[in-house]
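Below are the chains, spelled out letter by letter.
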Protein chains: 2
Amino acid sequence: MAEKMILVGGGLAGSLMSIYLAKRGYEVHLYERRDDMRQGNYVGGRSINLALSTRGITALEKVGLVEDILKISIPMFGRIMHSPEGALQYQAYGRDDQAIYSVSRGELNIRLLQLADAYPNIHMYFNHRCTHMDLDNNKATFQNENGEEVIVEGDVFLATDGAFSALRDAMIRNPRHDFSQNYESHGYKELEIVPSATGDFRMEEKALHIWPRSSFMMIALPNPGGNFTCTLFLPYEGEVSFEHLNTEKEIMQFFETYFKDAIPLMPNLLEDFKTNPVSHLTTMRTFPWVKNKSVLMGDAAHAIVPFYGQGMNCSFEDCVVLDKCIEEFSGDWDVILDAYQKSRKPNADAIADLALQNFIEMRDLVGLPEFLNKKRIEKMLVDQYPGLYRTQYERVTFSNDGYRDALLAGDKNDRFLNYIISEGLESRIEEKEFMQEKLQEWFA
Amino acid sequence: MAEKMILVGGGLAGSLMSIYLAKRGYEVHLYERRDDMRQGNYVGGRSINLALSTRGITALEKVGLVEDILKISIPMFGRIMHSPEGALQYQAYGRDDQAIYSVSRGELNIRLLQLADAYPNIHMYFNHRCTHMDLDNNKATFQNENGEEVIVEGDVFLATDGAFSALRDAMIRNPRHDFSQNYESHGYKELEIVPSATGDFRMEEKALHIWPRSSFMMIALPNPGGNFTCTLFLPYEGEVSFEHLNTEKEIMQFFETYFKDAIPLMPNLLEDFKTNPVSHLTTMRTFPWVKNKSVLMGDAAHAIVPFYGQGMNCSFEDCVVLDKCIEEFSGDWDVILDAYQKSRKPNADAIADLALQNFIEMRDLVGLPEFLNKKRIEKMLVDQYPGLYRTQYERVTFSNDGYRDALLAGDKNDRFLNYIISEGLESRIEEKEFMQEKLQEWFA
């Protein structure tokens, strides 16, 4: 008889993983706390737009969903920075054919659930909230919509229930399970740039827009409907902060000062600002990810801040790696789960660090001449020495290399760029032989 | 009517704090998960002996318990290091009149509960386990010994329920509450050195004994009964570790190799080793410590490793500081609790760091010539320039200075000692004028 896999959580990672497991012939049971979002009751409003990139695409390829998803996505080829005076500056993410894809979390989740439903060996249960997990005996307790308790036994339990995972909660009560949660001093609020009267985009749509203001920022990502989802990241307290934005006058004055060019594009600004909540940013780390036959995946294992656009991509990569471990160590779940956690933990830590670093880059550095100069030199190196020089952004976003390798490579890049600048070698970048030698010396 | 204070947890911090609050006229309710330990059913065996030092004594002075407690304690004036060959080396903790006091956790707790019981405005409830805390509405739910739910309302809730605090558990589910738990790669096991046939101590009793073995160690603290409580700190895994100590032969071989001089003093070694569990070492940090009218104290706020002997002393100091804040900001609990957490958090973080550092000192450094040389120079400085030069150990153990100041001062001491050694100034320590000038230059 096929082994029984229990997935706790039917979000992005849970629904994708259920398909991977079904393809391998397991009996899959997917329990989701909320209602079935395919019933049309999906509520947005608190989720930053997702940016699908290479790792996520690689994971979707395995289930044949890439074309479908790209059809409902908008490619973003670079960043457009808005100065306080409204001046624009463009910075490509990579080569001219490289883009990240703005996609709706809800739409993507619905497609995955639809696909999962087509597998007869996937069974879905909505409105089932996990209230207790008995890790020693592989038994989960759920409460259904009638308030009844449902006890479920299984061979393997996969925690895909997000940053506030009930399964991880049970796991970290065991000795020798490390855990940390750290909140940022910034919160965020969703706002909107609406389409024009004719339904068109009111800014360049194939880009991610940033209003960098050093200690805070606003960003905007395009949606297929012609609108942009804007997110304001701002400290909770302090001179310029959410605590001082209460009256309509305060809110408008703040936008006049910092985001003047956006005001005409945001007719619902005041209403949105007053209605939408301030949400929180947190990084969560834990280890081990495994206890007996239960395993953490996605945000349950590694909740990260959204500034590298890698939350979903990292979670999807978890699915890819676990699937590979299942293939490699067929049947032996102790070995499978241990190989998975050992492979993923250093990479999860690295992307958590990279995401925190990128917040500083996005809100502050992208506005500075020294930073733009470095990016210009990097672009020259990438264009003229492809393969010999690779940016950190490219490794994280447009490759399937380990995040940890990308983190280390990025540090090395930075030392190399400082060397080029301090030694005044910028003018010699075009000298092929000289530069190839330097690059080989540093990066071979 | 007097405000109603609810203490969740009747351990050391809880029982002491209840007396402080009673003295101020509050109506105090103390709920304890376990049975009343005064009924004679106190179970030891998993708690490292406590070392009472200046902060703890200061806290007990306020309730008039010092004399009583010192009577059931044994002063330890220094460390005695045991080499693998059985050679002994003594190192004083401070001046000849400065000692730390080995005391039984159970005995101390019982005296505090007895004293608390004498206050008519203290009400105690044993066998009451906190199962839920409603922080927003100041309501705690307990389960009593009959399995019944008891819901308790109060004006202020004090979490004195230890490292696995139920109240903290509720608190960290709120946004913007940071939390971390980190386990050491070492566990510990309690063993025993028994008294002689005539009931006498079989080693020097006015000292803390250490068998430092660089990556692991054993320590022994004297008890009034003539025995020593030994604690073996050892990695869980690896070449020399608990995982390889299973058979009697393995255990004896390990002791023959590393603790040969102790074997004749430990007739119950094998039985103790096989019976007593391996316990865990963890550091827990969190912030804020306050939510609405609930506040964390002691291990619930800051669980630390035991290597500086400050766990209890730090928790008692929490009580002293909270009591001072109550006095200073009479009646305004929002101000009281905020002043308390702001004063204590940096000091709790500092003693957590110091305790981790001291593990390395105790198991490794105390055996090294360079370390002993530094300690010798420090002793010369302390003896000849009292007040001008103060050791970190003295600040932590024999003063009520902030832990954070002690941590910073210790780092500075270390830089100064390195300077003395590298400049070859050791021979000039006796030159009063020269040395006073140097010390003033560095420490004034």
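Residues numbered from 1 in each chain as written. Chains lettered and ligands numbered in written order. Predicted model: local features only at pLDDT ≥ 70, side-chain atom pairs only at ≥ 80, totals over all residues. Heavy atoms only, no water.

**Topic: the sheet that holds strand β1 (residues 4-8) of chain B**
All names here are of chain B.
- With mixed pairing, six strands are arranged side by side in an open sheet as β8-β2-β1-β12-β19-β18. Either end of the sheet is taken by a strand with one partner, and the two such strands are β8 (122-125) and β18 (290-291).
- When β18 meets strand β19 (residues 294-296), the two strands line up antiparallel, connected through two bridges. Counted as the bridge partner of lysine 291 is serine 294 from β19.
- Sheet strands touched by helix α1 (residues 12-23): β1, β2 (27-31), β8 and β12 (156-159). Its angle to β1, the strand with the most contacts, is close to 170 degrees. (Pairing = 2+ DSSP bridges. Helix = DSSP H or I, 4+ residues; strand = E, 2+ residues; numbered from the N terminus. Contact = heavy atoms within 4.5 Å. Axes fitted to C-alpha atoms, helices over the stretch in contact; angles between N-to-C directions.)

**A look at the pairing of strand β6 (residues 88-92) of chain B**
All names here are of chain B.
- With five bridges joining them, strand β5 (residues 78-82) and β6 adopt antiparallel strand pairing. Note that in β6 the partner of arginine 79 across the bridge is glutamine 91.
- Counting the residues that bridge the hairpin from β5 to β6 gives five residues, and of these glycine 86 lies at a positive phi of roughly 95 degrees.

**A closer look at the packing of aromatic side chains**
All names here are of chain A.
- Counted according to the given criterion, the structure contains 59 aromatic pairs over all chains.
- Ring centres 4.8 Å apart and planes at 65 degrees place the aromatic pair phenylalanine 233 and phenylalanine 307 in the edge-to-face group. Pair noted here: phenylalanine 233 is in strand β16 (residues 228-235) and phenylalanine 307 is in the loop between β19 (294-296) and α8 (311-328), with a separation of 74 residues, a long-range link.
- Take phenylalanine 233: its relative accessible area is 1%, and that puts it in the buried class.
- Through a chain of ring-to-ring contacts, the aromatic side chains of Phe216, Phe242, Phe254, Phe255, Tyr258, Phe259 and Phe273 assemble into a single cluster.
- A cation sits over an aromatic face here: arginine 55 above tyrosine 403, 4.0 Å from the ring centre. (Phe/Tyr/Trp six-rings, centres within 6.5 Å; stacked < 30°, edge-to-face > 60°. Buried < 20%, exposed > 50% of the residue type's maximum accessible area, 1.4 Å probe, protein only. Lys NZ or Arg CZ within 6 Å of the ring centre and 35° of its normal.)

**Examining the domain arrangement of chain A**
All names here are of chain A.
- Under the domain assignment used here, chain A contains domain 1 (4-46 + 106-180 + 281-358), domain 2 (183-280) and domain 3 (368-443).
- Once you take the C-alpha centre of each, domain 1 and domain 2 turn out to be 32 Å apart.
- Tallying the contact residues gives nine residues for domain 1 and 11 residues for domain 2.
- Buried area between domain 1 and domain 2, summed over both chains or domains, comes out near 900 Å², and the portion from carbon and sulfur atoms is 58%.
- The interface formed by domain 1 and domain 2 includes zero salt bridges. (Domains from an automatic or database assignment. Buried area = accessible area lost by both parts, 1.4 Å probe. Salt bridge = Lys/Arg side-chain N within 4 Å of Asp/Glu carboxyl O.)

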